[in-house]
Amino acid sequence: QVQLVESGGGLVQPGGSLRLSCAASGSIFSINATGWYRQAPGKQRELVAAITSGGSTNYVDSVKGRFTISRDNAKRMVFLQMNSLKPEDTAVYYCHAVILTRSSGPKYNYWGQGAQVTVSS
């Protein structure tokens, strides 16, 4: 069994910062791409930021310059540092990872349980 567990969500005022963490555990051979998605009420889930095992990153335009994704491969963790938060960043944030559970096996998509981020004064 593979699990992704997120932490770090909460309520913050506009202009504030939060850091989301996601820890992977279980029967893992390797972790390929990882990312953070978010879903606001009444909207579709969107990719916020992604990072490959080699460290290449990409971001949705609305968070460029404000959010930073990073990962610690040894600890099997991925992070999302969110600065200059805006009310429109309010959403449930989901960690995602593409994981091999064995060397010769297929890749599977795994999701965290979601972390609520609310930006409000």
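See above for the structure.
Here the residue numbering is sequential within each chain, running from 1 through the sequence in written order. In keeping with the model being predicted, local features are shown solely for residues with a pLDDT of at least 70 and side-chain atom pairs are shown and tallied solely at 80 or more, while totals for entire chains, interfaces and linings include all residues. Think of the side-chain values as coming from all heavy atoms in the structure, minus any hydrogens and water.

**Student:** So what about the pattern of salt bridges? Which residues, and what values?
**Tutor:** Should a side-chain nitrogen of Lys or Arg be within 4 Å of a carboxyl oxygen of Asp or Glu, the pair is scored as a salt bridge. Within this structure, the stated rule accounts for four salt bridges. For D89, the salt bridge goes to R66, with nearest N and O atoms at 2.8 Å. Placement of the pair is D89 in the loop between β8 (77-82) and β9 (91-100) and R66 in the loop between β6 (57-59) and β7 (67-72), with a sequence separation of 23 residues. Between buried and exposed lies partly exposed: a residue is buried under 20% and exposed over 50% of the maximum accessible area for its type, with that area taken using a 1.4 Å probe on protein chains only. Judged by relative accessible area, which is 1%, D89 ranks as buried. Note on R66: relative accessible area 10%, which makes it buried. Among the charged side chains, a salt-bridge network with shared partners connects R38, E46, R66 and D89. Only DSSP runs of H or I covering at least 4 residues are called helices, and only runs of E covering at least 2 are called strands; the numbering of each starts at the N terminus.

**Student:** Can you tell me about the packing of aromatic side chains, naming the residues and giving the values?
**Tutor:** Classification of ring pairs uses Phe, Tyr and Trp, with its six-membered ring standing for Trp, and accepts pairs whose centres are within 6.5 Å; under 30 degrees between planes counts as stacked, over 60 as edge-to-face, and the remaining range as tilted. Applying the stated criterion across every chain yields a total of one aromatic pair. With centroids separated by 4.9 Å and ring planes inclined at 65°, the aromatic side chains of Y37 and W111 adopt a geometry described as edge-to-face. Placement of Y37 in strand β4 (residues 30-39) and of W111 in strand β10 (residues 107-111) is noted, with a sequence separation of 74 residues between them. Since its relative accessible area comes to 37%, W111 is described here as partly exposed. Of note, R19 hangs over the ring of F79, and the distance from its end group to the ring centre comes to 4.1 Å. As a reminder, the over-ring test applies to NZ of lysine and CZ of arginine, requiring each to be within 6 Å of the ring centre and within 35 degrees of the ring normal. Over the face of the ring belonging to W111 we find R45, whose NZ or CZ atom lies 4.8 Å from the ring centre.

**Student:** Before we move on, could you go through the nonpolar core and cite the residues and values that matter?
**Tutor:** In this description, a nonpolar core means a group of buried Ala, Val, Leu, Ile, Met, Phe, Trp, Tyr and Cys residues linked to one another through side-chain atoms lying within 4.5 Å. Core analysis: the biggest nonpolar cluster contains 29 residues, and L20, W36, F67, L80, M82 and Y93 have the highest contact counts within it. Top element by residues in this core is β9. It accounts for five residues. If sequence neighbours within four positions are ignored, Y93 has contacts with E6, L20, W36, Y37, R38, V48, F67, L80, M82, G114, A115 and V117. Contact criterion: two residues are considered in contact whenever any of their non-hydrogen atoms come within 4.5 Å of each other.

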